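# A closer look at the structure
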Amino acid sequence: MRAADQTPGAPVHFSATIDYPADPLTVAAMLADEEFVARKMAATGALEHAEEIHRDGGAFTVTSRIKMPTTSIPARFRSLVGESLDVRLVEAWEGPAADGSRGSTLALDIQGVPVRVTGTQRLTPTAEGCRETYDGEVTASIPLFGKPIEEAAARTVGDVVDVERRIGLEFLAAR
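A few points on the structure. (Residues numbered from 1 in each chain as written. Predicted model: local features only at pLDDT ≥ 70, side-chain atom pairs only at ≥ 80, totals over all residues. Heavy atoms only, no water.)

What follows is about the packing of aromatic side chains. Under the defined criterion, the tally for this structure stands at two aromatic pairs. Aromatic side chains phenylalanine 60 and tryptophan 93 sit 6.0 Å apart centroid to centroid with 25° between the ring planes, which places their arrangement in the stacked category. Within this pair, whereas phenylalanine 60 is found in strand S4 (residues 59-69), its partner tryptophan 93 is found in strand S5 (residues 84-93), the two being separated by 33 residues in sequence. Overall, the relative accessible area of 3% leaves tryptophan 93 in the buried class. For arginine 175, the ring lying beneath its charged end belongs to phenylalanine 171, and the centroid distance is 3.9 Å. (Phe/Tyr/Trp six-rings, centres within 6.5 Å; stacked < 30°, edge-to-face > 60°. Helix = DSSP H or I, 4+ residues; strand = E, 2+ residues; numbered from the N terminus. Buried < 20%, exposed > 50% of the residue type's maximum accessible area, 1.4 Å probe, protein only. Lys NZ or Arg CZ within 6 Å of the ring centre and 35° of its normal.)

Structural data, given as structure tokens:
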């Protein structure tokens, strides 16, 4: 995961990529698989998680509700949020284009905390399989403390992408 240089007051930008040794259709099927999503959420360190997948033709939406420990939040801010965070992650994937590529929007909200993660994901074919790219922003509307919280949230996004890469490669290898 890479965070771009930051302008004071601007949201924290993130981008990341995952290369998979499978075509976009196979990887999209994995991303919409309940077992995969549950394994990914458990591997992030979630205390509790529940997933819902809605399919509409070739499009699909994955909604994950996750209770996360606050260990990724800087210690000086933990008293503001308690021992756990209730997180809702929604990934809304479009149907495939002619070449198999597809895009999604993602939104992550943390209940009771004024932090929001928004972005896009893309699956594009490559010679070796496909590439999943993430691009987005983290914003925290907390006076004086927003930037450190945004940066911590961006690091957490990077950790989740790393988990998805590991679980995804394991999942595909087992198929």
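Glancing now at the pairing of strand S6 (residues 102-110). In terms of burial, S6 is a largely internal element, seven of the nine residues being buried. Where S5 and S6 come together, seven bridges link them in antiparallel fashion. When the bridges of S6 are listed, valine 90 appears paired with alanine 107. Strand direction decides the pairing type here: S6 and strand S7 (residues 115-126), joined by eight bridges, are antiparallel. Looking across to S7, one finds that alanine 107 is bridged to threonine 118. Between the end of S6 and the start of S7, which pair antiparallel, lie four residues, with glycine 112 showing a positive phi angle near 80°. (Pairing = 2+ DSSP bridges.)

What follows is about the pairing of S5. In summary, the side chains of a regular strand alternate between the two faces of the sheet. Sheet analysis places S4 next to S5, joined by ten bridges and oriented antiparallel. Looking at S5, one finds that arginine 65 is bridged to arginine 88.

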